[in-house]
Amino acid sequence: MKILFYDAKKYDVDSFEKARENFPDIQVEYLEADINKKTAVLAKGYDAICAFVNADLSKEILQVLSEQGVVLLLMRCAGFNNIDLEETRRLGMTVLRVPGYSPEAVAEQAMALALSVNRRIHKEYIKVRENNFSLEGLMGRNFYGKTAGIIGTGKIGAAMARICKGFGMKVIAYDKYPNKNLDFIQYMELEDVLKNSDLVSLHCPLTVDNYHMINAKTISLMKDDVVFVNTSRGELVDTEDLIAGIRNHKFHGVGLDVYEEETDNVFENREQEIMEHSVTARLLSFPNVIVTSHQAFFTEEALSAISNTTLENALGYEKGEINQANLV
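Trainee: When you look at unusual backbone geometry in this model, what are you seeing that I'm missing?
Mentor: Generally, phi is negative for residues other than glycine and the peptide bonds are trans, each holding for most cases. Phi is positive for R120, which is not a glycine, with a value near 60°. Take R120: it is sitting in the loop between helix 4 (103–119) and helix 5 (121–129). For H249, which is not a glycine, the phi torsion comes out positive at approximately 60°. When you line up the elements, H249 lands in the loop between helix 9 (239–247) and strand 11 (251–256). Given a relative accessible area of 65%, H249 falls into the exposed group.

Trainee: Can you help me understand the sheet that holds strand 12 (residues 289–291) in this one?
Mentor: The seven strands lie next to each other as 8-7-6-9-10-11-12, forming an open sheet whose pairing is parallel. Strands with a single pairing partner mark the edges of an open sheet, and in this sheet they are strand 8 (186–187) and strand 12. Pairing geometry for strand 10 (residues 226–230) and strand 11, over five bridges, is parallel. Bridge assignment links F228 to a residue of strand 11, and that residue is V254. Strands in contact with helix 9 are strand 10, strand 11 and strand 12; relative to strand 11, the strand with the most contacts, it is inclined by about 145°.

Trainee: Explain the pairing of strand 6 (residues 147–151) here, please?
Mentor: Two faces belong to every sheet, and in a regular strand the side chains alternate between them. Counting buried positions along strand 6 gives five out of five residues, so the element sits mostly inside the fold. The two faces of strand 6 match: T147, G149 and I151 on one face and A148 and I150 on the other face are all buried. Relative to strand 7 (residues 170–174), strand 6 runs parallel, the two being bridged by five bridges. Residue pairing in the sheet places I150 in a bridge with A173 of strand 7. The handedness of the strand 6 to strand 7 crossover, carried by helix 6 (residues 155–166), is right-handed. Of the strand pairs in this sheet, strand 6 and strand 9 (residues 199–202) are connected by four bridges, and their pairing is parallel. Of the residues in strand 9, the one forming a bridge with I150 is S201.

Trainee: Help me understand helix 6 in this model?
Mentor: An α-helical segment advances 3.6 residues per turn. Residues three or four places apart therefore align on the same side. Here helix 6 spans 17 Å end to end across 12 residues, near enough to the 16 Å set by a 1.5 Å rise per residue. Residues G157, A158, A159, M160, A161 and C164 constitute the buried set of helix 6. Contacts from the buried residues of helix 6 go to helix 4, strand 6, strand 7 and strand 9. G168 sits one or two residues past helix 6 and shows a positive phi near 85°.

How each quantity is defined
- Residues numbered from 1 in each chain as written.
- Predicted model: local features only at pLDDT ≥ 70, side-chain atom pairs only at ≥ 80, totals over all residues.
- Heavy atoms only, no water.
- Helix = DSSP H or I, 4+ residues; strand = E, 2+ residues; numbered from the N terminus.
- Buried < 20%, exposed > 50% of the residue type's maximum accessible area, 1.4 Å probe, protein only.
- Pairing = 2+ DSSP bridges.
- Contact = heavy atoms within 4.5 Å.
- Axes fitted to C-alpha atoms, helices over the stretch in contact; angles between N-to-C directions.
- Right-handed = clockwise from strand over helix to strand, strands pointing away.
- Expected span 1.5 Å × (residues − 1).

What follows is the structure, encoded as structure tokens:
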């Protein structure tokens with residue numbers, strides 16, 4: 001099995017090389033460049049390519065990969081909404097992913113964002129560094145005794161629900177398929193969760209049905225001064241409507257690890273650029289908003305799990321023993 005990695009950062013290489021000690025028959029090459037029409041041709045002679053959630057795996061790119069002889073797409077992530085799955089089926093390609101690398105890592109980042117925007121940690125850090133010890137503008141609220149609304153109670157949502165319970169919060173949730181193992185959660189319709197929550201945290205995959213599920217209408221249902229967090233997919237939220245809500249003082253705080261315009265930003269250093277017409281710049285202009293760089297997954301434990309599962313997927317494919325849970 002020969003695999004070509006696209007958009008490989010140093011931490012990717014370090015983690016996968018460590019994991020590859022247990023997979024000596026798998027050959028790996030790493031590219032710093034992400035996949036596009038020009039770089040897709042570099043996959044000639046490889047059985048598989050490995051990409052991340054922001055990679056362009058549209059119809060045209062997939063056709064180029066297929067022409068090079070690639071039969072396997074290894075996603076080192078849980079998401080796959082960036083792949084034209086209909087085209088992969090037509091071309092006879094197999095897509096394998098890492099659905100559950102570390103739900104606790106993402107849930108902990110979600111709570112970190114919630115706590116930070118609630119207690120204005122981002123503002124406080126800057127003020128104190130400038131010898132300003134005033135408490136003006138830093139007022140927060142106790143999460144203890146408040147209500148957390150979890151949208152999606154799969155592995156990550158369940159981990160977030162347990163964290164909220166540990167904080168002494170009442171936990172309510174919306175999910176089409178309630179998790180029977182979470183006996184402390186009260187399940188409600190989405191509208192009721194939004195109406196009754198002091199903290200709303202998104203933990204659901206992106207589908208055709210829930211695209212822009214957070215919009216002007218659903219935002220209007222939320223409590224005034226709600227804390228809103230998204231560590232799932234940016235397209236779950238209509239960003240223009242979110243910005244309008246922020247401007248109308250609907251939110252006490254907003255924490256985003258994902259957002260609609262993130263594709264060109266994810267894991268890239270753009271500090272020398274001026275983003276004049278950027279949604280990102282508009283979000284960053286608000287004092288009660290924190291945006292992080294799609295880093296919720298980024299822990300040592302998660303990277304190790306991603307590396308091992310991805311290589312296990314490759315080996316399983318080669319042996320004809322595909323893990324159906326990882327198959328897209």
